[in-house]
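Below are the chains, spelled out letter by letter.
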2 protein chains.
Amino acid sequence: MTTRDSADLGAFTFECGQAIDDLRVAYETYGEFDGDNAVLVCHALTGSQHVAGFAGGGSETSGQARAWWNDIVGPGKAIDTNDYYVVCANVPGSCYGTSGPASEGPDGDPYGTDFPPVTVGDWSRAQRRLLDHLGVGRLRAVVGGSVGGMNVLDWAARYPDDADLIVPVATAARLDPQCLAIDAIARRAITTDPNWQGGAYYGTGETPDDGLALARQLGHVMYLSKASMADKFGRRSAGRDAIRDTFPSDPAAGFFPYRDVESYLDYNAERFVERFDANSYLYLTRAMDDFDLSEGYESDADALAAFEGEALVMSFTGDWHFTTDQAEELAEAFRTSDVGVAHHVIDSDHGHDAFLVEPEKVGPPLRDFLDSGLAGRSVTDTVESDEDDESDFAPVHNSLFSG
Amino acid sequence: MTTRDSADLGAFTFECGQAIDDLRVAYETYGEFDGDNAVLVCHALTGSQHVAGFAGGGSETSGQARAWWNDIVGPGKAIDTNDYYVVCANVPGSCYGTSGPASEGPDGDPYGTDFPPVTVGDWSRAQRRLLDHLGVGRLRAVVGGSVGGMNVLDWAARYPDDADLIVPVATAARLDPQCLAIDAIARRAITTDPNWQGGAYYGTGETPDDGLALARQLGHVMYLSKASMADKFGRRSAGRDAIRDTFPSDPAAGFFPYRDVESYLDYNAERFVERFDANSYLYLTRAMDDFDLSEGYESDADALAAFEGEALVMSFTGDWHFTTDQAEELAEAFRTSDVGVAHHVIDSDHGHDAFLVEPEKVGPPLRDFLDSGLAGRSVTDTVESDEDDESDFAPVHNSLFSG
């Protein structure tokens, strides 16, 4: 059984201290709740509650982002909706039905940039409120990738008793300064677009599409890797029939090829601006940039110390948005705080996107971890267990920690 | 002796087939020409002919980019102007006195985007023309970093008999698709700025500063590395006195810190738009993106096969704009074509900027190579020579190839 709905959760005070009178949260659920089988899935920056296809409905977009983890979530899949009750909620500040800058404010107009600043902590708090509304107390697991993985980490710190298992995927305890810089540039691309109009573009007939397109293109560069871009596009021309019309250009540009990589970026940016709100992009990237697991604690380990469940940290060798080194630091924080953890490193050229596009590598350890915790057969760790003498030469080893 | 001058070199037909009636090339020279001691230095994307300080003048900017290699070029320095006659010319398409989009065209107005598209090959051809004008035939060396290194490679392919030595630094035979993508996004930031006005902004009182600032900020991200950004900025706030005023923002932004890394990018972008022309940025990045050493040849090795001198390829471990892997491929092409080559890898966290900011590492091998070719004492290579049995365990070895 699947549901697509939204809940009016009443007044909500954000971490910044500002409040709104009625927080609406749009969500989807898959499977049947049996009291202890709930899995909260946290979406990435521009994702939505539409994590999987509906029965008979494939991965249709339904006016939202496409079902972004349809290869992982569903009947018989790694997060098996025959076994688990999956909940995914659109985060506050986004634009897929949950309250955000584009939502109607108290005066009947969109909030615009009067919407309170949001944090990853606000996302967790809204999700907790939604789960209470749905009658879900303790969760079997909280799972999410990218900034959705930060959302997972925030859950472990904020609600340490509320989940048996957490799975932060392709994420880190905080963004590194290189990614902070790129996010800042992306926001500047939006705010310098004259159509942004200080954020008050709703109803004017002009939206900051150029700026949002540039921001999205920067995102794509972060989500891919050198290797995947070389493999996908090389330096090839997009061909004589390809039309450059997304952005203005000048006659001199015509002497040079319009390359595959440009065509890809332009095409995807055009699609993106049709589905995403520019102010939400500002709000959500700021939440990501601001997240720091250790904030309010002595350290990352201190933030995680109260968590009593087990953690599966997953990372990807080709990911430069969130690196395997950052994931290892995170795993080390879990180890320091005596939380059972495995750091499962996946060898992939697909960059950050790997967590979305390599379900055959992500699925097995995720499935086995949900079933059996750290004892799961496909779960590997970067640290050798003492008993595991035979695997001395493998770079990544099966963990023998049991759940 | 130093000179700062420009030469009117007459009609010039660009590789695209378009011509201008009078190519002007702005240049500087340092030292005395003695017939066989000329060194051509090629500048990087937004560099200028102002490679070094003038006697008594320090590294003053004189309305141009600052003396960009003042630590390397000068009396007693690695490229010792007591010994060598150094020539550096601003490339066609740029904006420091050489003909480009901002120059006056035949009708008395700036060319704007009617200026012919330029290529790296056009830069070499203009430099060759200038050297003829200065009475310099054969060169002791051609040296340059980044796209200036591509300029060096083009010299080796185009004028294989004209230089004893070449030093391509922090460069590659071609840009990879990741960097092509970032350059394309940077150009889009300029052309979507309404003040760009299709390139015809000269004299309108409005210049596409926002777009050019974004392009520059992307450049800075490419020039730094994760490690250098972490070291330089971390996630620190720029402090309460820091003012965000370079780009528009909204009230919600005020809840979050204005970080050191943003402050750095904003400050430098503001300085950059004062000194650089937006159309030149379009033209020069296109030249860089288009460069492919193998174009018109069977391979990179084939392009280099006629070169009879020696090559010192220098690369930096922290450089992701032009990687050490790309430099090794380039060195391999020299080896395949039986050109004497050493690939000197410099261990550095400074990213692509290392070739500018680590003169103490760049200087010695460069000095020794100019003096003694591959036999130079500080010159190392990635390939072990057979005779070099003692250095089996060092990652980088002194080359025993002799000059």
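Quick caveat: nothing in here was measured; it's all calculated off a predicted structure.

## A look at the interface of chain B and chain A
By a widely used convention, the size of an interface equals the accessible area lost when the partners come together. At the junction of the two partners, chain B supplies 62 residues and chain A supplies 61 residues. Taken together, both faces of the contact between chain B and chain A bury some 4,900 Å²; the carbon and sulfur share is 67%. For the pair chain B and chain A, the interface holds eight salt bridges. For Asp-266 of chain B, the salt bridge is made with Arg-188 of chain A, and the minimal N-O distance between the two is 2.7 Å. One can count 22 residue pairs in polar contact (both at pLDDT 80 or more) joining chain B with chain A.

## Regarding the side chain of Asp-154 of chain A
Residues and elements named next belong to chain A. Checked against the element boundaries, Asp-154 lands in helix α2 (residues 147-158). For Asp-154, a relative accessible area of 9% puts it in the buried group. Filtering out sequence-adjacent residues up to four positions away, Asp-154 remains in contact with Val-120, Gly-121, Ser-124, Tyr-159 and Phe-291.

## So, the relation of the copies chain B and chain A
Mapping chain B onto chain A is achieved by rotating through 180° and translating by 0.0 Å along the same axis, at an RMSD of 0.0 Å. As the rotation angle and translation indicate, the two copies are arranged about a two-fold axis. When you check the interface residues of chain B against chain A, 98% turn up at the interface there too, and the contact is symmetric in its surfaces.

## Some points on the packing of helix α3 (residues 177-191) of chain A against helix α4 (residues 209-223) of chain A
Residue and element names in this part refer to chain A. One way to put it is that α3 packs onto α4 with a least axis distance of 7 Å and a crossing angle of 160°. Between α3 and α4, the angle is such that the two are roughly antiparallel. Judged by the sense of rotation from one axis to the other, the crossing of α3 with α4 is right-handed. Contacts between α3 and α4 pair Cys-179, Ile-182, Asp-183, Ile-185, Ala-186, Ala-189 and Ile-190 from the former with Gly-211, Leu-212, Leu-214, Ala-215, Leu-218 and Met-222 from the latter. The residue makeup of the contact of α3 with α4, split by class, is 11 nonpolar, one polar and one charged.

## Thoughts on the environment of Asp-210 of chain A
Along the chain, Asp-210 of chain A turns up in helix α4. When neighbours within four sequence positions are excluded, Asp-210 of chain A is seen to be in contact with Asp-193, Thr-246 and Phe-247 of chain A together with Thr-192 of chain B.

## Observations regarding the domain arrangement of chain A
Residues and elements named next belong to chain A. Taken domain by domain, chain A consists of domain 1 (2-178 + 295-398) and domain 2 (180-286). For domain 1 versus domain 2, the separation of C-alpha centres amounts to 27 Å. Listed as interface residues are 32 residues of domain 1 and, on the opposing side, 26 residues of domain 2. Taken over both partners, the interface formed by domain 1 and domain 2 buries close to 2,400 Å², and the fraction arising from carbon and sulfur atoms is 64%. Among the residues domain 1 hides against domain 2, the three largest losses belong to Leu-45, Thr-46 and Trp-320. Together they make up 24% of the total. There are zero salt bridges connecting domain 1 and domain 2. Inspection of the region where domain 1 meets domain 2 yields 17 residue pairs in polar contact (both at pLDDT 80 or more). Class assignment for the residues of the side of domain 1 that touches domain 2 results in 17 nonpolar, 11 polar and four charged.

## Brief notes about α3 of chain A
Residue and element names in this part refer to chain A. Here α3 spans 21 Å end to end across 15 residues, near enough to the 21 Å set by a 1.5 Å rise per residue. Where burial is concerned, most of α3 is hidden: 15 out of the 15 residues are buried. Its side-chain oxygen at 3.0 Å from the backbone nitrogen of Gln-178, Asp-176 defines the N-terminal cap of α3.

## So, the packing of aromatic side chains
Residue and element names in this part refer to chain B. Applying the stated criterion to the full structure yields 31 aromatic pairs over all chains. Ring centres 5.9 Å apart and planes at 65° place the aromatic pair Tyr-96 and Phe-276 in the edge-to-face group. Of this pair, Tyr-96 sits in the loop between β8 (85-89) and α1 (120-134) while Phe-276 sits in the loop between α6 (260-275) and α7 (278-290), placing them 180 residues apart in sequence. With respect to class, Tyr-96 is no different from Phe-276; both count as buried. Ring geometry for Trp-155 and Tyr-159: centres 4.8 Å apart, planes at 55°, overall tilted.

## Regarding the nonpolar core
Residues Tyr-281 and Phe-334 of chain A together with Tyr-281 and Phe-334 of chain B are the most contacted members of the largest nonpolar core, which totals 192 residues. Filtering out sequence-adjacent residues up to four positions away, Phe-334 of chain A remains in contact with Leu-153, Ile-166, Leu-304, Ala-311, Val-313, Val-339 and Val-341 of chain A.

## Focus: the pairing of strand β10 (residues 163-169) of chain A
On a regular strand, one side chain projects to one face of the sheet and the next to the other, so that they alternate. Residues and elements named next belong to chain A. Across the seven residues of β10, six count as buried, placing the element largely inside the fold. Note that strand β9 (residues 139-145) and β10 share six bridges and pair parallel. Of the residues in β10, the one forming a bridge with Leu-139 is Ala-163. Pairing of β10 with strand β11 (residues 310-316), which is carried by three bridges, proceeds in the parallel orientation. Its bridge partner lying in β11, Ile-166 is registered against Ala-311.

## Describing the UniProt feature "active site" (unreviewed entry) in chain A
Residues and elements named next belong to chain A. Feature annotation in UniProt assigns "active site" (unreviewed entry) to the following positions: Ser-146, Asp-319 and His-352. Spanning 207 residues, the named residues form one tight spatial group whose C-alpha atoms are at most 10.5 Å apart. Taken from the residues named earlier, the lining of the largest pocket is made up of Ser-146 and His-352. Asp-319 sits in the buried class, given a relative accessible area of 3%. Setting aside anything within four residues of it in sequence, one finds Asp-319 in contact with Ala-170, Gly-351 and His-352. Within the secondary structure layout, His-352 lies in the loop between β12 (340-346) and α10 (354-357). Aside from chain neighbours lying at most four places away, what touches His-352 is Ser-146, Ala-170, Met-222, Tyr-223, Gly-318, Asp-319, His-321 and Phe-322.

## Comments concerning the state of the cysteines
In a disulfide, the sulfur atoms of two cysteines are held together by a covalent bond. Inspection of the entire model under this criterion finds zero disulfides over all chains. A disulfide-free cysteine, Cys-42 of chain B has its sulfur positioned 7.4 Å from the sulfur of Cys-88 of chain B, the nearest such atom.

What counts, and where the lines are drawn
- Residues numbered from 1 in each chain as written.
- Chains lettered and ligands numbered in written order.
- Predicted model: local features only at pLDDT ≥ 70, side-chain atom pairs only at ≥ 80, totals over all residues.
- Heavy atoms only, no water.
- Contact = heavy atoms within 4.5 Å.
- Buried area = accessible area lost by both parts, 1.4 Å probe.
- Salt bridge = Lys/Arg side-chain N within 4 Å of Asp/Glu carboxyl O.
- Polar contact = N/O pair within 3.5 Å; in protein donor to acceptor, adjacent residues only side chain to side chain.
- Helix = DSSP H or I, 4+ residues; strand = E, 2+ residues; numbered from the N terminus.
- Buried < 20%, exposed > 50% of the residue type's maximum accessible area, 1.4 Å probe, protein only.
- Least-squares fit on C-alpha atoms with pLDDT ≥ 70 in both.
- Axes fitted to C-alpha atoms, helices over the stretch in contact; angles between N-to-C directions.
- Parallel < 35°, antiparallel > 145°, perpendicular 65-115°, else oblique.
- Left-handed = near helix turned anticlockwise from the far one by under 90°.
- Nonpolar A, V, L, I, M, F, W, Y, C, P; charged D, E, K, R; others polar.
- Domains from an automatic or database assignment.
- Expected span 1.5 Å × (residues − 1).
- Phe/Tyr/Trp six-rings, centres within 6.5 Å; stacked < 30°, edge-to-face > 60°.
- Core = buried A, V, L, I, M, F, W, Y, C linked by side-chain atoms within 4.5 Å.
- Pairing = 2+ DSSP bridges.
- UniProt positions renumbered as here; feature names shortened; annotations may be inferred.
- 1 Å grid on protein atoms, 1.4 Å probe; cavity = no way out; pocket = protein on both sides within 12 Å on 5 of 7 lines; lining within 4 Å.
- Disulfide = S-S within 2.5 Å.

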